[in-house]
Amino acid sequence: MAIKENANTNYVITAALLLVVAITLTPLFLMFYTSVKAEGTLTKSVSEIVVADFGRENDGCMRVPFTVNAAGSVLWEERINQDLRKFSRLEFRYKPAGSTDIKIGITDTLGKSSFINLSGYIDAGVKDWQDVSIPTKDLGLKSVDARNIEKIAIVSGAPGSGTLYIDDVILKVKPVTIINYVDVLVSGPFGRYFFNSALISLLITFGNIIFCSMVAYAFARKEFPGKDALFLLIIASIMIPPQVLMIPMFSLMKNLHWLNTYWALIIPALVEPFNIFLLRQYIKTLPKDVEEAALIDGANEWQVLFKVIIPLSRPALAIVGINTFMGSWNTFLYPFLLTNTTEMRTLPVGLALYKSLYSVDWTHLMAASSITAIPVIVVFLAFQKHIIAGLTSGALKG
Amino acid sequence: MKRLLAILVFTAFFAAGSRAAAKEEKAVINFWQLSAKEEVMQSILDDFRKENPDIEVKMQILAWDFGFDKIVTSIAAGNAPDLCELGSTWVNAFATNGVLTDVTDDFSGVKDEYLFWEPVTYNDRLYGAPWLVGTRALFYNKDLFRKAGLDPEDPPETWNELLEYSKKIEKLGTGVHGFGIYVGEPYTPWQLFLPFAWSNGAEVLSPDSRESMVDSPEFIEAMKFLNSLKGYSMLDRQEQVNQAFAQGRVGMQISGAWNLLAIPHDSPNLDFGVALVPRPYLNKGQPVSFAGGELLVVMKQSKHSREAVKLMKFLLKEENIMRVVKAQRNVLPSTKKSVKDPYFREQPKQRVFFEQMMTAKAAPGHRAWQKIEEEISRAVEEMVLLDYPPSKVVKGADAKINAILEQTKSKGELSDKTVIAIFAIAIFLIGLTVYLWRKLMRALEFRKRMPLKKAVSAYLFLSPWLIIFAVFGLFPLLHSMIMSFSDYNLLQSKFSFVGFRNYLNVLIDPNFHKALWHTVFFAVGTVPFTTAIALFCALMINRKVPFKQLYQAGLFLPVVTSVIVIASIFSYIYSPDGLLNIAIDKVNAIFGPGAQVISKPDPSWLLDTKLALPSIMAMCVWSSFGYYTILFLAGLQSIPDETYEASAIDGATWWGQFRYIILPQLKPIMLFIVVINSIRSFQVFPEVFAMTQGGPLGSTTTVVYYLYEMGFHKFEMGAASAVGYILFLVIMGMTLIQLKIFKFGENIG
């Protein structure tokens, strides 16, 4: 199909195309990348959070001489107010304190604590400063509310005395994590949203396949009064802008008591005029002999439809099904207007409404976006040829 | 294989989702709130459930941005929550429309134990109770004070000091600001500014609430003061300023107690202090701050109002309020005796907030307060973002507020023309039905040769479409036409006939003109670009290049992605620390340190009145051109190879081939693309809704967003329907013009 074969031009063109595709794909890549980050963004990477450094110089450390009569006396503590699931390790510099047992632990905002012995992480043979690194999973996160850790503390394990030296307390951030997805799906509403989107999209797709076939068959093969007028009406209805119907739809659903129910989202979308148009064109191209043979054999029209036409129309039906599925999954306007509660919302609506209380939580927002986008992307990549074929055939007639 | 993978991934997600969906319980009381964290509320509700085993409580947490919308639509839908939290500035709209339950008898006895009854008091009756209160105090960064040569233990107490300190801190260098002024969202500009006006003795409304008192020397003085701070301040949404303050880039901010939680979370090492808000002079005025808060109300619609009141009283017990306060650390209790709670002794910063609460002032109660506060915010933004002089914005706000007060005064009773309207509609419909029936009979007569049975059978096949189209297409269409000639209040469901008044009001509304202009600008700005880029890419792909499928897939992925997902990603990219600004920094760096070859917008892409709409347009081009590329490709592929070869033999150049072979072939497709693209650009809504809510200063309001605001924020359904029809006519007209132009071009070319 080339106009002029020219190796150099081809390289330039390939480069240009790759650039364009890079531009289209970068935002999506950004979304996925951010969704698995615990902290920070593509542009502002946070690899660690400093809990306490007690002053810049190495001598600016925390030095606490102590004499305690019981276990569990606090020697040092610091408020951190963090979600500990985001971090992989707790690190600090330490100088052994004396002959007493030392424990380190965390306390959550409701007061529950979990402490572990420091001895497992210290080389007792070294008497000077050493680097200590504790994996956060060792800290007993399951016994506290890991999402709301208020303090880190160092306490005595047994009565005794000594001097505690500690410096440069740091929490290291996990490079990748699925906590955003977990938060949003399991403890957040997105699991429900996903279910709603899936249920509604599947029902609408199935409905369209059946009902649009019925209507298209009538237009393709039958004669009846008003046929041309009605077909014109179908085409005209594609042109009605949804905004004109926004308000009366809301009012209608309210009067039917269908607001915030699945009915409101499914029923109006069960028969899309565009699909009728597409299927009619396709059915018209089918050879009539199979149908006529079946009719002669005594089949009624319904049997012809379901046993002959529909199986023969599989390519067109595939296009109808896939496009309808993708369209209904992504649709925003009516699910937004017609639903009110978490139980009934779909993914795009839930995503639009998702904002956290304190600051814009990009990582969670991107995880929620990814959940909304992934199914459609997967379906698209799997059925790419069909989708594009469907588009082009529709357009060439238009 | 690909399909199997698709199915597996799908099932995995589905399984996770169904598990969450399986936990369903039958709810008795629905409680909606915005302020308290899930965990602490659930534990309070668990205690309530233990004491009241016959009552089931279902809690839903709303987000601030759309909470108001959701509550409004739920009332209109008839499934409002039983117990609900309302922000103090929202209560007005609901109380004056009569949708809240009078709870005077339940709470008059304990009135003195609580602060902040003003927002729920109307005609000496109580329509709710105060739950959590909040105010704003001055935060200051002690490190920055030291660096600027200021005493970190001596925060500014007067306006002069605030200005001087801001100047000194601003001098500290790049990226550091002295103060923070909030813009780009509806509530925060006036919440920051009005306390300055109040502490200077100014008022918004006259004592009888009939006149605007905004045009007064004290008010203008306060405006001038804010204006003077402009040059030494960070201008951004409050969230962004809060973040910058936490990161040590802003010296002082006047903001709420939530920062006491957020700052230690983001920067545990920040050395900051909290003080009372500065006042005009040491011997004049009070340190007045903005008093806000959350109130609990019972909706009149509730079928379980006694149980709801029970829950309300439980939540308002002092110890339960303190549980929320202690867990959140960003709110204050409404219970007066909590001042003695040892918690406040341990939390000196919280105590400053409680002190500030004593001289805090609440917005005046007025049914149109939401519209009035919009005008004040707008005045602040015009002065700060567009550099209008203070006296001008004040006079503008004064005029607009008086206009709003006029409107609310004459909002009289709804007339009883409803019956006449219904009669007219009924007659019209009967006439239509008779007409259609006779047409049908005539058609059937002409086709007498066709047995009735066959026609009926055909119609049976058509029935799904007929029914759905009639009920969900034709009927709403007619209904909306009728509604556009009427006055219909969403909250009260009352209806009256007003003729063409809605259309006239819309057509002369300057906000509608702006929205229309934005929409046209949007279409004209995106359609040519999208078409050109799509054509260009299609031409490139059309050559014998490898990986064709890769390009098709890559270009098409944005098209299949939900609009809302795209809006989220681009909000991220356009944010001040986002990808775009970082890229610009890198490009600037190539030209040497400190170079500003491309300048970044201040404050940010989506907050600049001139750049917000183009930013959204760029996003729409990005997300749609792949679709049109595929269409062009289809057209290009229908040109047979021989045509190219023949013309090459005849000596045609590439440009010649393009002009005489390709273009004519593509004309029908190009027409299709331009028409579809234009229609879609005229219908832009979800992007605006998710990214900018029509702002800043209405610069991204498109016609459909204007329609939405008219119907669901101002509750004027009739006018909103009129807008829908006007839009429909505009689109049809534009499409016809486009068709004519293309046909014209065809005849010539």
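Use the structure listed above.
Scoring rules and cut-offs
Residues numbered from 1 in each chain as written. Chains lettered and ligands numbered in written order. Predicted model: local features only at pLDDT ≥ 70, side-chain atom pairs only at ≥ 80, totals over all residues. Heavy atoms only, no water. Helix = DSSP H or I, 4+ residues; strand = E, 2+ residues; numbered from the N terminus. Buried < 20%, exposed > 50% of the residue type's maximum accessible area, 1.4 Å probe, protein only. Contact = heavy atoms within 4.5 Å. Areas by Shrake-Rupley, 256 points an atom, 1.4 Å probe, with all protein chains shown as cover. Salt bridge = Lys/Arg side-chain N within 4 Å of Asp/Glu carboxyl O. Polar contact = N/O pair within 3.5 Å; in protein donor to acceptor, adjacent residues only side chain to side chain. Nonpolar A, V, L, I, M, F, W, Y, C, P; charged D, E, K, R; others polar. Pairing = 2+ DSSP bridges. Axes fitted to C-alpha atoms, helices over the stretch in contact; angles between N-to-C directions. Core = buried A, V, L, I, M, F, W, Y, C linked by side-chain atoms within 4.5 Å. Phe/Tyr/Trp six-rings, centres within 6.5 Å; stacked < 30°, edge-to-face > 60°. Lys NZ or Arg CZ within 6 Å of the ring centre and 35° of its normal. Arc of directions from axis to C-beta. Parallel < 35°, antiparallel > 145°, perpendicular 65-115°, else oblique. Left-handed = near helix turned anticlockwise from the far one by under 90°.

*Asks:* If you had to explain the overall build of chain B to someone new, which residues and values would you point to?
*Replies:* Assigned secondary structure in chain B consists of 30 helices and 17 strands. Counting all 749 residues of chain B, 54% fall into the buried class. Nonlocal contacts in chain B, meaning residues at least 24 apart in sequence, comprise 73% of its contacts between residues at least 6 apart. Carbon and sulfur atoms make up 61% of the accessible area of chain B, which amounts to about 33,200 Å² in all.

*Asks:* Could you give an account of the overall build of chain A, with specific residues and numbers?
*Replies:* Within chain A one finds 14 helices and nine strands. Within chain A, buried positions represent 55% of all 398 residues. Element-wise, carbon and sulfur atoms account for 60% of the exposed surface of chain A, whose accessible area totals about 16,700 Å².

*Asks:* Before we move on, could you go through the interface of chain A and chain B and cite the residues and values that matter?
*Replies:* Tallying the contact residues gives 131 residues for chain A and 131 residues for chain B. Taken together, the connections running from chain A to chain B amount to one salt bridge. Across the pair Lys58 of chain B and Glu343 of chain A runs a salt bridge, and its minimum N-O distance is 3.3 Å. Put simply, chain A and chain B have six residue pairs in polar contact (both at pLDDT 80 or more) between them. Counting residues per element, the side of chain A that touches chain B draws most heavily on helix α1 (residues 7-35) of chain A, at 18 residues. Class assignment for the residues of the side of chain A that touches chain B results in 89 nonpolar, 28 polar and 14 charged.

*Asks:* Which residues make up the side chain of Glu150 of chain A, and what values do they have?
*Replies:* Looking at the element boundaries, Glu150 of chain A is found in strand β8 (residues 149-156). For Glu150 of chain A, a relative accessible area of 13% translates into the label buried. A polar contact of 3.1 Å, which involves the side chain of Glu150 of chain A, links it to the side chain of Arg79 of chain A. Look past the residues within four positions of Glu150 of chain A in its chain and what remains in contact with it is Glu78, Arg79, Ile80, Asn81, Thr107, Asp108 and Thr109 of chain A together with Arg329 of chain B.

*Asks:* Hey, could you go over the sheet that holds strand β3 (residues 83-87) of chain B for me, with residue numbers and the actual values?
*Replies:* Residue and element names in this part refer to chain B. Strands sit in the order β2-β1-β3-β13-β6-β14 across an open sheet of six strands; the sheet is mixed. Across the chains shown, the open sheet's two edge strands, defined by having one partner strand only, are β2 (57-61) and β14 (332-333). Looking at chain direction, strand β1 (residues 29-33) and β2 are connected through five bridges and run parallel. By the bridge assignment, Gln33 is partnered in β2 with Ile61. This element, helix α2 (residues 38-51), spans β1, β2 and β6 (129-134) of the sheet and lies at about 165° to β2. Together, β1, β2, β3, β6 and β13 (292-298) form the strand contacts of helix α12 (residues 305-315), whose direction differs from that of β13 by roughly 150°.

*Asks:* Could you give an account of the nonpolar core, naming the residues involved and the relevant values?
*Replies:* One finds Phe632 and Tyr708 of chain B to be the most contacted residues of the largest nonpolar core, which totals 184 residues. Setting aside chain neighbours within four positions, we find Tyr708 of chain B in contact with Met246, Phe336 and Leu337 of chain A together with Asp69, Phe685, Phe689 and His713 of chain B. Within the second largest apolar cluster, 136 residues are counted, among which are Ile29, Leu132, Trp198 and Val204 of chain B.

*Asks:* Outline the sheet that holds β8 of chain A, supporting the account with residue identities and numerical values.
*Replies:* All names here are of chain A. Strand order in the open sheet made by the four strands is β3-β8-β5-β6, with antiparallel pairing throughout. Two strands bound the open sheet, and with one partner strand each, they are β3 (74-82) and β6 (113-117). Each neighbouring strand pair of the sheet contributes to a mean axis angle of 20°, computed without reference to strand direction. Sheet topology places strand β5 (residues 102-108) next to β8; seven bridges connect them, and they run antiparallel. Counted as the bridge partner of Lys103 is Val155 from β8.

*Asks:* An account of the packing of aromatic side chains is requested, with residue identities and associated values reported.
*Replies:* For the coordinates displayed, the defined rule picks out 49 aromatic pairs over all chains. For the ring pair Phe224 of chain A and Tyr459 of chain B, a centre distance of 5.6 Å and an interplane angle of 65° mean the geometry is edge-to-face. Here Phe224 of chain A is found in the loop between α3 (190-221) and α4 (227-238), whereas its partner Tyr459 of chain B is found in helix α19 (residues 452-483) on a different chain. Here Tyr459 of chain B falls in the partly exposed class, since its relative accessible area comes to 23%. Aromatic side chains Phe68 of chain B and Phe94 of chain B sit 5.5 Å apart centroid to centroid with 55° between the ring planes, which places their arrangement in the tilted category. Within this pair, whereas Phe68 of chain B is found in helix α3 (residues 64-77), its partner Phe94 of chain B is found in helix α4 (residues 91-95), the two being separated by 26 residues in sequence. Classification of Phe68 of chain B as buried rests on a relative accessible area of 7%. Sitting over the ring of Tyr388 of chain B, Lys392 of chain B keeps its end group 4.3 Å from the ring centre. Stacked on the ring of Tyr627 of chain B, the Lys or Arg Arg680 of chain B has its end atom at 5.0 Å from the ring centre.

*Asks:* I'd like to hear about the pattern of salt bridges, residue by residue, with values.
*Replies:* Residues and elements named next belong to chain B. In the structure shown here, the tally under the stated rule is 24 salt bridges over all chains. One salt bridge connects Asp387 with Lys230, and the closest N-O pair in it is separated by 2.5 Å. In this pair, Asp387 sits in the loop between α16 (369-385) and α17 (390-409) while Lys230 sits in the loop between α9 (217-229) and β9 (233-236), placing the two residues 157 residues apart along the sequence. For Lys230, a relative accessible area of 17% puts it in the buried group. The closest approach of N and O atoms between Lys400 and Glu375, which form a salt bridge, is 3.8 Å.

*Asks:* Help me get a handle on the pairing of strand β4 (residues 87-95) of chain A, residues and values and all.
*Replies:* All names here are of chain A. Bridge count for β4 against strand β9 (residues 160-173) is seven bridges, and the pairing is antiparallel. Paired with Glu91 across the bridge in β9 is Ile170. In this structure, β4 lies alongside strand β7 (residues 130-135), joined through six bridges in antiparallel fashion. Across the sheet, residue Phe92 finds its bridge partner in β7, namely Val132.

*Asks:* Kindly report on the environment of Trp517 of chain B, identifying the contributing residues and their values.
*Replies:* With respect to the helices and strands, Trp517 of chain B occurs in helix α21 (residues 510-542). The spacing of Trp517 of chain B and Thr702 of chain B is 185 residues in sequence and 8.2 Å in space, taken between C-alpha atoms.

*Asks:* Give a detailed account of helix α20 (residues 501-508) of chain B, specifying residues and quantitative values.
*Replies:* All names here are of chain B. Burial in α20 covers these residues: Asn502, Tyr503 and Val506. The buried residues of α20 occupy an angular sector of 95° when projected down its axis, which confines them to one face. For α20, the exposed residues set more than 90 degrees away from the buried face come down to Leu504 and Ile508.

*Asks:* Just give me the short version of helix α10 (residues 238-246) of chain B, but keep the residues and values in it.
*Replies:* What sets the pattern is the α-helix's 3.6 residues per turn: residues three or four places apart point alike. Most of α10 of chain B is tucked away, with seven of its nine residues classed as buried. After α10 of chain B finishes, the residue Gly248 of chain B shows a positive phi value of roughly 80°.

*Asks:* Please give an account of the environment of Met619 of chain B that cites residues and values.
*Replies:* Residue and element names in this part refer to chain B. Its location among the elements puts Met619 in helix α25 (residues 612-637). When the C-alpha atoms of Met619 and Glu687 are compared, they prove to be 9.1 Å apart, with 68 residues separating the residues in sequence. Apart from residues no more than four positions distant in its own chain, Met619 is found in contact with Ile566, Ala567, Phe570, Tyr574, Glu687 and Met691.

*Asks:* Pulling in residues and values, what's your account of the packing of helix α22 (residues 548-560) of chain B against α25 of chain B?
*Replies:* The axes of two packed helices give the description: the angle between them and the distance between them. All names here are of chain B. The interhelical angle for the contact between α22 and α25, taken along N-to-C directions, is 140°, at an axis separation of 5 Å. Here α25 runs oblique to α22, going by the angle between their axes. Relative to α25, the crossing made by α22 is left-handed. Where α22 abuts α25, its residues Lys548, Gln552, Leu555, Phe556, Pro558 and Val559 lie against Trp622, Ser623, Ser624, Phe625, Gly626, Tyr627, Thr629, Ile630, Leu633 and Gln637. Split into classes, the residues belonging to the contact of α22 with α25 amount to nine nonpolar, six polar and one charged.

*Asks:* Go over the environment of Asn196 of chain A, please, and point to the residues and values.
*Replies:* All names here are of chain A. With respect to the helices, strands and loops of the structure, Asn196 is situated in helix α3. The class of Asn196 is buried, set by a relative accessible area of 0%. As a C-alpha pair, Asn196 and Thr346 span 150 residues in sequence and 5.6 Å in three-dimensional space. Once you skip the residues sitting within four places of it in the chain, Asn196 turns out to touch Tyr262, Thr342, Glu343, Met344 and Arg345. Engagement of the side chain of Asn196 in a polar contact is seen with the side chain of Tyr262, the distance being 2.5 Å.

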